[in-house]
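Residue strings, one per chain:
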Amino acid sequence: MRVVLSPIRFLINCLVLGVVLFSSNAPCQDKGYLIKAGFIYNFARYSSLLDNLSDPHNFTLCSSDSDFAEQAKQLLHQKNIKGRSIVTQVVVPGASELSMCNTLFITQDASEQWQYWLEKKASHTMLIVGESRNFLNQGGHISFFRAGTKVRFEVSPTHLKQSGIKISSKVLRLGRVRGAN
Amino acid sequence: MKYSPISLALTLCCLAVQASTLDELDLESLMAADLQSTSAMKRAQSVQQTAASVYVLTQQELAQSGVDSIPDALALVPGVQVRRIDQNQWAISIRATGGRFSSKLLVMIDGQSVYNPVFAGVFWESMNLPIYDIERIEVIRGPGGLLWGSNATHGVVNIITKHSIDTTTTYAEASLSDGSNTHLGARVGQELSRDASYRIYADYRNQSSLDDSVEGSAYDGGIYKSVGSRFDYNPEDDLSWMAQLEWNQLKVGQQIALPSVTLSTALNEPIPELYSRHQLRFVTRVEQAMSSRASQSLQLAYLKGKGRQSYANESFSHYDLDYQMNLELSLGQLDWGLNYRYNNLPLLNSSYLQSNTGIDSTEQYGLFLQYQAPLFNDEWGLTLGNKSEHNSLTNWENQPSVRLLWQPTNEQAAWLAWSKGVQLPSLGFYDYNIQTSSVPINALLETPSPELSQFQLGSLYQGNASVDSEKTTSQELGYRWSATEWKFDLSIFRSESENILTYDPHVPEGAIAEALALFSQGQIEEAGALLQANPLVLLLRSNGQLTTHGMELGLHFQLTEEVNIELGASYSNYEFDTPAGSIESQPTTASTRQLFLKSRYQPTERHSLYLQFRYEDGEAYETDDLRILDINWLWQLSPQLALSVRGKNLLADDQLQFGHSRDSFTQASYHRPELALQLSYQL
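Residues numbered from 1 in each chain as written. Chains lettered and ligands numbered in written order. Predicted model: local features only at pLDDT ≥ 70, side-chain atom pairs only at ≥ 80, totals over all residues. Heavy atoms only, no water.

Novice: Give a detailed account of the state of the cysteines, specifying residues and quantitative values.
Specialist: Residue and element names in this part refer to chain A. Scanning all chains against the criterion turns up one disulfide over all chains. Cys62 shares a disulfide with Cys101; S-S distance 1.9 Å. Between Cys62 and Cys101, the S-S dihedral sits near -95°, and the bridge is therefore left-handed. One end of the pair, Cys62, is in strand S1 (residues 58-63); the other, Cys101, is in the loop between strand S3 (84-90) and strand S4 (103-106), and 39 residues separate them in sequence. On the basis of relative accessible area, Cys101 is assigned to the buried category, the value being 7%. (Disulfide = S-S within 2.5 Å. Helix = DSSP H or I, 4+ residues; strand = E, 2+ residues; numbered from the N terminus. Buried < 20%, exposed > 50% of the residue type's maximum accessible area, 1.4 Å probe, protein only.)

In structure tokens, the structure reads:
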């Protein structure tokens, strides 16, 4: 049976196939990761982390996730924090590279893997940010959560104080403040 | 199974697509950044990457400007024509001359359309949302019909309120003006648990009358009351539920000039009257991120309103059901959705308003499909789409759209768009006979009797079931350059519309001749009765054509760390082409020029000064040119307490903003400057 396409339908077919054939290849970006990277940049900017940095040239943002690290790198490569370039690093629990980290972001997928390290970590001045539900209870400093289609965060002043980190009220007033439990 | 090019495209693999990036990394921008949809393309997309003329009013600008109503806020947007008819009624439009019952602007609150299908417009006086709980207002200048449906041929206004998680504080404000206008507003919010939050608000406004109208004293004071709430529940990161409920009521005065329907001479008699309206609005929405590359939402909305005026009592309700899915494919981004609307519109007949056929309900249903993909390299993006919708009056309507975006650098973007939009006939034009302002006989024809020539003949707009939908084909071209310290935005447009509303006048010449004979015989009463029974009939037709062209230009720059300046200009030119014998619904040729200057000066964290100067020529509105200056000084006395002093319309000197006397029965008022003091407290 012969199928006859109407002229309009034929044009639509050509147009769609043209779009498909000439569509380009580009890396996929997670908008949520970009927003969180932006927030982490601001947490660092408005904190006392910079007072005790050993590296005078770089500010190191570590993450458990390579996708996040790559996107944060693309987003922040032209930014600096008080003159320090921002570099990203992927780390695993207990790795020696952790000593270079100024901020650590633990993604939802990796939260179970990091749970033991987080609960048992020695006190240091690294800012630890996560996004899993019980992150603050496990010892994290700041945790992201979703409110509708927005990214929000909650802060544990107790854990920040234990680590000797101060965050500006400019940041705190925008987040939810939580106790340790 | 039927072959579909779209399904073939979707089955091909391997080509990935670049999603949106963040423009700004300051805390406020990050708090406002949306993971899912904004109104322009019904998905998360920065303004820079949107192939449309979009303007966003942020909550910061709303707070610094001191605006206290939605129409006042829209007056901050270059290209939006905002004309105040009296203290309560507005004529607002984009790329077209606005009227009291202007019909080409789709207005939504959190995705719920508040458009009234009886007259295909918006009751701006019923939009009594507290400004302090608005997150942002997105304005699309130009056709937004594709994604949001019919009746958005000239623009879309989407008012987005704050998520209740951002309003878990107690807030109260009180303001008083030199015109004895008072305003009290309060809001209480709370987190119910880690996953749920809500807010409740109440608002009261008492507005005093202006002094004069075009017909004697003004009578446009009023009282507005509203209460509302919003509830949000996020049981999981990828699932959210929102519900809003609002009730508002107004009782306002208006000076109207009604033609008498009982006297033989239908003289337009200006009378003051009280007009009341109340409205209940409910919307609920569930959104789910099915994966990192797919999301869906389902929304149910309900709006019920009642209005009471001497010439019309109205009651309406409508139900909306909308479903939408957004997909990130390896080949691009695909959005599709379904919608259904049921309008219940029983007409309560009056001397001024009757239904021809007794239609008391209409419905619409349809679907939209949009596909976005980069082309050739990352610099080009193409968007194809269509919305097909069926309605009770004109059956199926299609609104296709093609948009092309070119981004040679991160800072620059050029875009080109072609689209076809549809404006459905309102039920009023389709079915109602509406008594309108009378006209003297000598405006219609010459008679040998000077007395009879002055006789005010009643006139009647006669609805016509043959009216068709207005179809507008638009071409737009735009360019943006966004650098660190400044932004430039230019849009040029041209549109051609057919089936524009016109009137075929049917002058009762025979009756007038007969009345003249009776009059000359001294049978005055009989002559009057005959003329009363034979009004001028204006049969509504849709046979006109309209060509519009113009541009919108914006330049925004950070002059110093404390001073931010925005310059804007817009120009719209309209040319009607009406068949011989018909009367156009608006002036044959008109143009509107607008110039904007906005400036924000923030010398310290606690003080900000906001200034807006707006110039608009008056040709299209039959007024003098408008020069409007508003200034607001905001002083944050403490983290909880803020004081603002606002000077509104400081250059006004008995200023008339709207001169179309036949647009509605309401007589426009003369506006004067106003000074207001506001105190706000946040716990």
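Having seen the structure, we can now continue with the description.
Novice: With reference to specific residues and values, describe the pattern of salt bridges.
Specialist: Tallied over the entire structure, the rule returns 41 salt bridges over all chains. Ionic pairing is found between B:Glu191 and A:Arg176, a salt bridge with its closest N-O pair at 2.9 Å. Of this pair, B:Glu191 sits in strand S9 (residues 182-191) while A:Arg176 sits in strand S8 (residues 176-177), placing the two residues on different chains. A relative accessible area of 7% means that A:Arg176 is categorised as buried. Measuring nitrogen to oxygen at the nearest pair gives 2.9 Å for the salt bridge that ties B:Arg95 to B:Glu552. A residue pair is termed long-range when its members are at least 10 positions apart, and B:Arg95 in the loop between strand S3 (90-94) and strand S4 (105-109) and B:Glu552 in strand S29 (residues 536-558) qualify at 457 residues. With relative accessibility at 5%, the residue B:Arg95 sits in the buried group. A residue is classified by how much of its surface remains accessible, and B:Glu552, at 4% relative accessible area, is buried. (Salt bridge = Lys/Arg side-chain N within 4 Å of Asp/Glu carboxyl O.)

Novice: Can you lay out the environment of B:Trp380 for me, pointing to particular residues and giving the numbers?
Specialist: All names here are of chain B. Relative to the assigned elements, Trp380 resides in strand S22 (residues 380-391). Along the backbone, Trp380 and His390 are 10 residues apart, and their C-alpha atoms lie at a distance of 34 Å. Excluding its chain neighbours within four sequence positions, the residues that come into contact with Trp380 are Ala373, Pro374, Leu375, Leu404, Leu405 and Trp406. (Contact = heavy atoms within 4.5 Å.)

Novice: Can you explain the confidence of the model for chain A? Please cite residues and give values.
Specialist: Scored by pLDDT, chain A has a mean of 80; 80% of the residues are at 70 or more. Ignoring residues within four places in sequence, the model shows residues 1-28 of chain A, a span with pLDDT below 50, making 47 contacts including any to other chains. (pLDDT = per-residue confidence, 0-100.)

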